[in-house]
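Working through the structure, step by step
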Amino acid sequence: MGGQAAGYAAADAVQALPLVSTFWGIVLFGEYRRSSRKTYTLLVGMLSMFVAAAGVLMASAGQRK
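Let me sum up the structure you'll find in this document. Each residue is numbered by its place in its chain's sequence as written, counting from 1. Where totals are concerned, whole chains, interfaces and linings use all residues; where local detail is concerned, this predicted model gives features only for residues with pLDDT of at least 70, and gives and counts side-chain atom pairs only at 80 or more. Side-chain numbers here rest on the full set of heavy atoms in the structure, without hydrogens or water.

Check the secondary structure of the chain and you find three helices and zero strands. Each accessible area is a Shrake-Rupley estimate made with a 1.4 Å probe; only the visible protein chains count as cover when residues are assessed. Counting only carbon and sulfur atoms, one obtains 68% of the accessible surface of the chain, whose full area is about 5200 Å². Working definition: helices are DSSP H or I runs of at least four residues, strands are E runs of at least two. Numbering for both runs from the N terminus.

All right, on to the packing of helix α2 (residues 17-27) against helix α3 (residues 37-60) then. In contact at an axis separation of 10 Å, α2 and α3 are set at 150° when each is read in the N-to-C sense. By the angle between their directions, the pair α2 and α3 is classed as roughly antiparallel. Between α2 and α3 lies a crossing of left-handed hand. Taken together, the residues of α3 that come into contact with α2 (itself represented by P18, L19, T22 and I26) are L43, M46, L47, F50 and V51. All axes are obtained by fitting lines to C-alpha atoms, using only the stretch in contact for helices, and the reported angles, taken between N-to-C directions, cover 0 to 180 degrees. Each angle gets one of four labels, with under 35 degrees taken as roughly parallel, over 145 as roughly antiparallel, 65 to 115 as roughly perpendicular, and the rest as oblique. Take the far helix as the reference: if the near one is turned anticlockwise from it by less than a right angle, the crossing is left-handed, and if turned clockwise, right-handed. The criterion used for residue contact is that any of the two residues' heavy atoms lie within 4.5 Å.

Glancing now at α3. Along an α-helix, residues three or four apart share an orientation, since each turn contains 3.6 residues. By this rule, a helix spans an expected 1.5 Å times one less than how many residues it contains. Between the first and last C-alpha of α3 there are 35 Å, a value that for 24 residues agrees with the 34 Å anticipated at 1.5 Å per step. All buried positions along α3 are accounted for by L43, L47 and A54. Of the surrounding secondary structure, the elements contacted by the buried residues of α3 are α2. Partly exposed residues are those whose accessible area sits between 20% and 50% of the maximum for their type, while under 20% is buried and over 50% is exposed, using a 1.4 Å probe and protein chains only.

On to unusual backbone geometry. It is generally the case that most residues other than glycine have a negative phi and that most peptide bonds are trans. At R34, a residue that is not glycine, the phi angle is positive and equals roughly 65°. Within the element layout of this structure, R34 appears in the loop between α2 and α3.

This paragraph deals with the side chain of T22. Within the secondary structure, T22 sits in helix α2. For T22, a relative accessible area of 19% puts it in the buried group.

So, about the environment of F23. Take F23: it is sitting in helix α2. What makes F23 exposed here is its relative accessible area of 51%.

Nothing here speaks to function; it is geometry throughout.
The following block contains the structure:
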């Protein structure tokens, strides 16, 4: 049972890898520096929806049998 739960946790963590790489691109590498306001609006929307989706996936992990 514990190994199966660890497998689900690892699978959920992999779902968040694009979020981490986008965050690194913004903070560490300045990929969106000097972009328009529309670009920042779309980026914030994308990140917030991604965080919500990852949260739903992690919340659903407790429901698995």
